[in-house]
Amino acid sequence: MITKKVALHVAKPVVLIAEELSPATLDALGPDFEVRHCDGANRPELLAALAAGVDAVLIRSATKMDQEAITAAKGLKVIARAGVGLDNVEIPAATAAGVMVVNAPTSNIVSAAELAIGLLLASARFISPAHAALRNNKWARSKYTGAELFEKTLGIVGFGRIGQLVAARMQAFGMSVVAYDPYLQPARAAQLGVRLVALDELLSVSDFITIHLPKTKETANLIGVDALKKVKPSVRIINAARGGVLDEAALYEAIVEGRVAGAGLDVFSTEPCTDSPLFTLDQVVATPHLGASTDEAQERAGIAVALSVRKALAGELVPDAVNVKGGVIHEDVRPALALVEKLAGVLVGLAGEVPVSIDVQVSGEIAAHDCSILAISSLRGALTALGAEDVTYVNAPGIAAQRGLVSTVSTDVVSHGHRNLLTLNAALANGVKITVSGTLMGIRQVQKIVAIDDYDLDLVPTEHLLFMRYTDRPGVIGKVGNTLGESSINIAGMQVARSHQGGEALMALTVDSPVPSDVVEHLATITGADLARSVTLGA
């Protein structure tokens, strides 16, 4: 007899690369994905590539992932922007579709800081027009007398990661640094040798001003007509952050009128920009949004988002996901995610309806970390148990809100009886409350259900469970066993917890297959159970 070995073909997840990325990006993705390419700036080509079915799409700034593109993308799970800005991604549409959005928030901070410094130096010393004059055979040495940085004051508007890098480097030039940032603590600035001041004071004392703010409703034209009336006429202003924070029309007027000495610009309110009146001025040095345009930054960005895509498609949470609440997840908290989902599934199975609220109480060592992500875990578990499809950590809060379900997390570093204890308290619309507790045991972090309401258990949350609450009396276990046996349902494990002999008892069974509803109803009848529920959990 001749037998043939049949190789099973398992389709690889599809990653669409819509713009040119560094070779290191492909290396970071590895061999576990089918990689496709398209020109993301070509709209019909992009939509066709997305409609063919992709799991993730990697983009830079030229590809627009809006509602239309997200709707066209069959099976899309991740949009990865190899860079910082997300102006070209419609995040609310992605969130509603359950698509995770990730970027590389720290990939270009050094490159952006260095370009801002380059523009500052070029503006101070008229490097661009002096170079252009030489190319035109002119030796205009006396025309381009500049200014030193030594012992001058640098004002940094927005003192985040890039602003702080600029400060450290310019202090080496002998500059004193002041900064405006309403969200930074003065103590942090003091540690860096920088004085936090109000914006008006920064405008009035600075010899150079560099902007490092995102563009928002609050920051649009922040450095505008009024602000430019408060600066020294010798000031030079640098913007390598986002166009629109600096009012370009007001800047042009201020330079022409001699109220501002010069500017260095890498970003503009409308891009691409090739015809600004600012480009006609010798006092202005400009570049076409080159802040992240270094080989090193592009490589870092590509590697970062490739690793995020790998994590996301493996079912892991990605700390840099911009539309997943909960922040960075500590490694000690991660094992609790799946357990909380299962505890929530048990809650919903016992309730038989959508709870109004679920409070996740975290006790023990992991309570010292940020556990807020467990609120979403409980929502995802509850919604999945209720039959909702394609529930992710991205869209779970929105779906839950539509169903009138909210979740909260409370913590206590003290835990009695367990190293860590996770207790989910559900409130139903009729005022009934249900509690399910679980823990992770030992080095292997084995999942256990340790209590339901006031009943102590030691139960592994397997895929198929059966719960019954009844009055304790002889013969019930036999009836349950016989009924399940007659229905060809194998019992893997059984526990009975009771308040006292002859009192109320809770039977919990792990079984090898689902218990049909008619069998559950029969069990309730023959045992007199006031609660009988079959619960199926995800893997």
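Caption draft 1: Geometry of unusual backbone geometry. The step from E271 to P272 runs through a cis peptide bond, and the omega angle for that step is 0°. Within the element layout of this structure, P272 appears in the loop between β11 (262-265) and β12 (284-286). A positive phi angle, close to 55°, is found at H289, a residue other than glycine. Examined against the element boundaries, H289 turns out to sit in the loop between β12 and α11 (295-313).

Caption draft 2: The arrangement of a negative patch on the surface in detail. A cluster of acidic residues, D27, E114, D295, E296 and E299, forms a negative patch at the surface. Tallying contributions element by element places α11 first for the negative patch, with three residues. Along the chain, E299 turns up in helix α11.

Caption draft 3: Spotlight on the sheet that holds strand β20 (residues 491-498). Pairing is antiparallel in the open sheet, where four strands are placed in the order β20-β21-β19-β22. Sheet topology places β20 and β22 (531-536) at the edges, where each strand pairs with a single neighbour. The sheet shows a mean angle of 15° between the axes of neighbouring strands, direction not considered. The pairing of β20 with strand β21 (residues 504-511) spans seven bridges and is classified as antiparallel. When the bridges of β21 are listed, Q495 appears paired with A508. Each of β19 (464-471) and β22 touches helix α12 (residues 334-351); the most contacted strand, β22, lies at about 140° to it.

Caption draft 4: Region of interest: the pattern of salt bridges. Throughout the structure, instances matching the rule amount to 17 salt bridges. Across the pair D32 and R310 runs a salt bridge whose closest N-O atoms are separated by 3.3 Å. In this pair, D32 is assigned in the loop between α1 (23-29) and β2 (34-37) and R310 in helix α11, connecting sequence segments 278 residues apart. For D32, a relative accessible area of 42% translates into the label partly exposed.

Caption draft 5: Layout of the environment of E45. Topologically, E45 is positioned in helix α2 (residues 43-51). For E45, a relative accessible area of 34% puts it in the partly exposed group. Taking the C-alpha atoms as reference, E45 lies 13 Å from M65; in sequence the two are 20 residues apart. Not counting residues within four places of it along the chain, the set of residues in contact with E45 comprises C38 and D39.

Caption draft 6: The sheet that holds strand β4 (residues 78-81), seen in detail. Taken together, the five strands give an open sheet; going across it, the order is β2-β1-β3-β4-β5, and neighbouring strands pair in parallel fashion. Each of the sheet's edge strands pairs with one partner strand only, and the pair in question is β2 and β5 (100-103). On average, each strand axis in the sheet is inclined to that of its neighbour by 20°, with strand direction left out of account. Direction of pairing for strand β1 (residues 14-17) relative to strand β3 (residues 56-59): parallel, over a ladder of three bridges. When the bridges of β3 are listed, V15 appears paired with A56. The strands that α11 touches are β1, β3, β4 and β5; relative to β4, the one it contacts most, it runs at about 170°.

Rules of the game
Residues numbered from 1 in each chain as written. Predicted model: local features only at pLDDT ≥ 70, side-chain atom pairs only at ≥ 80, totals over all residues. Heavy atoms only, no water. Helix = DSSP H or I, 4+ residues; strand = E, 2+ residues; numbered from the N terminus. Patch = residues over 30% accessible without salt bridge, like charges linked within 9 Å, V, L, I, M, F, W, Y side chains within 5 Å. Areas by Shrake-Rupley, 256 points an atom, 1.4 Å probe, with all protein chains shown as cover. Salt bridge = Lys/Arg side-chain N within 4 Å of Asp/Glu carboxyl O. Lys, Arg positive; Asp, Glu negative; His and termini not counted. Charge placed at Lys NZ, Arg CZ, Asp CG, Glu CD. Pairing = 2+ DSSP bridges. Axes fitted to C-alpha atoms, helices over the stretch in contact; angles between N-to-C directions. Contact = heavy atoms within 4.5 Å. Buried < 20%, exposed > 50% of the residue type's maximum accessible area, 1.4 Å probe, protein only.

Remember, this is a structural readout, not a statement about activity or role.
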